[in-house]
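Structure at a glance
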Amino acid sequence: MVKCGLEIHQQLATKKLFCECNSELSEEILYKFERVLRPTQSELGEIDRAALEESLKKRRFIYEVTPNSCLVEADEEPPHELNREALEIALKIALMLHAKIVDEIHVMRKIVIDGSNTSGFQRTALIAVDGYIDTFFGRVRIPTICLEEEAARKIEEKDGGVVYRLDRLGIPLVEISTSPDMKNGEQVKEVAERI
Amino acid sequence: MDTLRSKHIYKVKILSPNMEVEPGDLVEVKTKKGTFRGILMPKHEFSDENIIVLKLDNGYNIGLIPEEIKCIKKGIRRKKKSLYKFEKKDLPQISIISTGGTIASYIDYKTGAVHPALTAEDLIFSAPEIEEEANIKAFVLFNILSEDMNPLYWIQLARKIKDELKESHGVVIPHGTDTMSYTSAALSFMFSKLSGPVILVGAQRSSDRPSSDAYMNLISAVRVAKSDLGEVAVVMHATTSDDHCFIHRGTRVRKMHTSRRDAFKSVNSQPLGEVRGNKVIFYEGYRKVEEDVELYDKLDEKVSLIYYYPGMSGELMTRMLEGMDGAIIMGTGLGHISNEMIPLLKDFIRDGGVVGMSSQCIHGRVNLNVYSTGRKLKKIGVIPLEDMLPEVAYVKLMWLLGNFERDEVIKLLPQNLRGEISARRMIIW
């Protein structure tokens, strides 16, 4: 028997999630800077020095600054308030998918140290739980709906570092995850299209 | 910084039938929307008072209105040490005296919350590699926010530094960044001789984030503390990149940005040097360590720092001068204030007050000879303070009034004692 689940990411065409930059891609490079990301204790628990040194070797990143990136994307200014418009869209989606909206939304950090986030974490918020969508082949459960920030765009990998562009970093993203309730390709197609 | 301020205390009475629950515990929460299981997180400061925050298995935090909470498993608490000492042969001893601030914070890896470092171990936790650099003797002297620093703390800190320099090669002082340059100026004046480097260091991003500048700043500070610098300095990121730190003279440095890593700049002068990887490079002209330490630890707190602005009333100026022994004015441009203020200052100086003039331009030298207002100010005894930073002048005047007679104070205020004044300013700034 086939069992299938989906994780759908939808970018929102609002301003970025935590600053006033436009959500668009850009080919214009204004400036470059270089950073190192270090695993934190939350990731490692008790720090093993050898593991630490090994991980540091691979963690030099070069960031390309575009006209639609500001100090927030550069991790040089605290995030602004969560974009209202993006939040409203996410809430609407949650209601349309019959999900239960949490009593209080908390933005939290998901540690990501491959350099795709200048901060070393992705800001993400669980908006709603326990939704569903009814299809021709039966009900598909949607355990979580999240609102999160898009990662920076990987441009190239070279000796001694990975190059990322900041244009995409911070674009709002609604993440809809379904349970593995789909039984055939037709149903997957239907769910994907409806969402 | 925000997380440091949160109290981590729930006002909502937690209904827990089996035992008391604390942040860090694994709990089961019954709500109208169903039952949730996860780790109880510290309360968020902006959270509604009826809400508790839970970290779910999938890593997400959510706020819930609880009906009942059941403790499944107690969280593990760490053991604490108050003094941390690690010894290795052939390495110099460096004392780390923590005063608080973002750099002296650590993350609780169970809950992800940032706490101020209360113990030496917490302090070393974020950068265990510094043990390869020196024999570290670390302890927490204060645990205060930078904005709560004051002259009494400066004096206590200076005395502690003197003690530490008896056995340590140098001293590193983790400090909140907001007022770090006031502390560095105060220490610069208080020590007329130093037998080892005194290095202040801070962080603009807390150590709970992989991108934190705390690690590079701290390790660079320790490297400078091993050098022959006989001055008080501030070591912080030179640019937004993680490639090198600047060594700023304690009397020349100023926080020039609210949030950037490279917020600290040497004003009206070049930095003393830089730290690139494990290389400490001094550019030119720094004071070397001396045989012993000489400390003048008195400060007269009766000094005002007055920012002049158009529309400032004479009444307000009078009140700011009342009961004071001295005042530093941040004038406009080359060092001006409205003509209405001149008789008020004249009376204050006649009654024994000392007044110095600096500029709110921050960059450049004051000059009271160019315009008539300046000449009038000079005539009534206002002392032009060259290119000294206003905050540095404020600290210097406190120190001078605390340790010297008035005539001497007036003579020394505009003189260069600790590199706080220069004769030349460069085209490139």
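Please read all numbers here as calculations on a predicted model, not as lab measurements.

Examining the overall build of chain B
For chain B, the count of helices and strands is 10 helices and 24 strands. Classification of the 429 residues of chain B by burial places 58% in the buried group. Pairs at least 24 residues apart make up 70% of the contacts formed inside chain B by residues separated by at least 6 positions. Of the roughly 18,600 Å² that chain B leaves accessible, carbon and sulfur atoms contribute 51%.

Thoughts on the packing of helix α6 (residues 314–321) of chain B against helix α7 (residues 342–350) of chain B
Each pair of packed helices can be summarised by the angle the axes make with each other and by the distance between the axes. Residue and element names in this part refer to chain B. Look at α6 against α7: their axes get within 10 Å of each other, and the N-to-C directions meet at 15 degrees. Considering their axes alone, α6 and α7 lie roughly parallel with respect to each other. Crossing hand, α6 versus α7: right-handed. Facing G314, M317, T318 and L321 of α6, the residues of α7 in contact are L344, L345 and F348. Of the residues belonging to the contact of α6 with α7, the class tally is 5 nonpolar, 2 polar and no charged.

A word on the packing of aromatic side chains
When we look at a pair of aromatic rings, we describe it by the centre distance and by the angle of the planes. All names here are of chain A. Across all of its chains, the model carries 10 aromatic pairs over all chains by this definition. Between Y63 and Y164 the ring centres are 6.1 Å apart and the planes differ by 25 degrees, which places this aromatic pair in the stacked class. In this pair, Y63 sits in strand β3 (residues 60–65) while Y164 sits in strand β10 (residues 161–165), placing the two residues 101 residues apart along the sequence. On the basis of relative accessible area, Y63 is assigned to the buried category, the value being 0%. Relative to F137, the ring of F136 has its centre 5.3 Å away and its plane inclined at 90 degrees; by these criteria the two rings are edge-to-face.

Looking at the environment of V112 of chain A
Tracing the backbone shows V112 of chain A in the loop between β6 (107–111) and β7 (121–135). Setting aside residues no more than four positions away along its own chain, V112 of chain A makes contact with L37, N117, G120, F121 and Q122 of chain A.

Quick word on the interface of chain A and chain B
Opposite the 47 residues of chain A that make contact, chain B presents 42 residues. Counting the contacts that link chain A with chain B gives 5 salt bridges. On inspection of chain A and its partner chain B, the count reaches 25 residue pairs in polar contact (both at pLDDT 80 or more). Counting residues per element, the ones that place at least two in the side of chain A that touches chain B are β2 (31–36), α1 (41–44), α2 (49–57), β4 (100–101), β6, β7 and β8 (138–149) of chain A. Of the residues that constitute the side of chain A that touches chain B, the class distribution is 20 nonpolar, 10 polar and 17 charged. The pairing of strand β5 (residues 104–105) of chain A with strand β4 (residues 61–64) of chain B spans 2 bridges and is antiparallel. Bridge assignment links E104 of chain A to a residue of β4 of chain B, and that residue is G63 of chain B.

Details of the packing of helix α3 (residues 151–164) of chain B against helix α4 (residues 180–190) of chain B
Residues and elements named next belong to chain B. Two elements in contact, α3 and α4, have axes whose closest approach is 10 Å; the angle formed by their N-to-C orientations is 55 degrees. Put simply, α3 runs oblique to α4. Handedness of the crossing formed by α3 with α4: right-handed. Residues W154, I155, L157, A158 and I161 of α3 lie in contact with α4, whose contacting residues are Y182, T183, A186, L187 and M190. Considering only residue class, the contact of α3 with α4 consists of 9 nonpolar, 1 polar and no charged.

Let's talk about helix α9 (residues 390–403) of chain B
Residues and elements named next belong to chain B. Between its first and last C-alpha, α9 extends 20 Å over 14 residues, near the 20 Å set by a 1.5 Å rise per residue. Most of α9 is tucked away: 12 of the 14 residues are buried. Of all the positions in α9, only P390, E391, V392, A393, Y394, V395, K396, L397, M398, W399, L400 and L401 are classed as buried.

What to know about unusual backbone geometry
Despite not being glycine, H98 of chain A has its phi angle at roughly 55 degrees, a positive value. The residue H98 of chain A is located in the loop between α3 (84–96) and β4 in this model. Since its relative accessible area comes to 42%, H98 of chain A is described here as partly exposed. We note that N268 of chain B has phi near 60 degrees; this positive angle belongs to a residue other than glycine. Looking at the secondary structure, you find N268 of chain B in the loop between β17 (264–266) and β18 (273–276). Exposure remark for N268 of chain B: the relative accessible area of 12% places this residue in the buried category.

A short note on the pairing of strand β3 (residues 52–56) of chain B
For a regular strand, the rule is simple: side chains alternate between the two faces of the sheet. Residues and elements named next belong to chain B. Summarising burial for β3: 5 of the 5 residues are buried, a large majority. Of the two faces of β3, both are covered, the one formed by I52, L54 and L56 as well as the one formed by V53 and K55. One ladder, built from 3 bridges, connects strand β2 (residues 34–40) with β3; its direction is antiparallel. By the bridge assignment, I39 is partnered in β3 with K55. Relative to β4, β3 runs antiparallel, the two sharing 4 bridges. Residue I52 lies in a different strand from β4, and its bridge partner there is L64. Hairpin geometry of β3 and β4 is characterised by an intervening segment of 4 residues between the two adjacent antiparallel strands and by a positive phi of about 95 degrees at G59.

Reading the values: the criteria
- Within every chain, residues take consecutive numbers counted from 1 along the sequence as written.
- As a convention, the first chain written is A and the first ligand written is 1, with the rest following in written order.
- A pLDDT threshold of at least 70 governs which residues receive local features in this predicted model, and a stricter bar of 80 or more applies before side-chain atom pairs are shown or counted, although totals over entire chains, interfaces and linings include all residues.
- To obtain the side-chain values, all non-hydrogen atoms of the structure were used and water was disregarded.
- The helix count covers DSSP runs of H or I at least four residues long, the strand count covers runs of E at least two residues long, and both are numbered beginning at the N terminus.
- Only protein chains enter the area calculation, which uses a 1.4 Å probe; residues under 20% of their type maximum are buried, those over 50% are exposed, and those in between are partly exposed.
- Contact definition: two residues touch when any of their heavy atoms are within 4.5 Å.
- Each accessible area is a Shrake-Rupley result for a 1.4 Å probe, and residues are judged covered by the shown protein chains and nothing else.
- Axis geometry follows a simple rule: fit a line to the C-alpha atoms, using only the stretch in contact for helices, then measure angles between N-to-C directions, giving values from 0 to 180 degrees.
- Working rule for angles: under 35 degrees goes down as roughly parallel, over 145 as roughly antiparallel, 65 to 115 as roughly perpendicular, anything else as oblique.
- Helix crossings get a hand from a simple test, with the near helix turned counterclockwise from the far one by less than a right angle marking a left-handed crossing and a clockwise turn marking a right-handed one.
- Each residue receives one of three labels: charged for Asp, Glu, Lys and Arg, nonpolar for Ala, Val, Leu, Ile, Met, Phe, Trp, Tyr, Cys and Pro, and polar for the others, Gly being one of them.
- Note on ring pairs: Phe, Tyr and Trp rings are taken, using the six-membered ring of Trp, and paired if centres are within 6.5 Å. Classes follow the plane angle, with under 30 degrees stacked, over 60 edge-to-face and the rest tilted.
- Any Lys or Arg side-chain nitrogen found within 4 Å of a carboxyl oxygen on Asp or Glu counts as a salt bridge.
- Any pair of nitrogen or oxygen atoms within 3.5 Å is treated as a polar contact; in protein, a donor-acceptor pairing is required on top of that, and neighbouring residues in sequence qualify only through side-chain atoms on both sides.
- By definition, two strands form a pair when at least two bridges between them are found by DSSP.
- Multiplying one less than the number of residues by 1.5 Å gives the expected span of a helix.

Interpretation note: all reported values are geometric properties and have no functional meaning in isolation.
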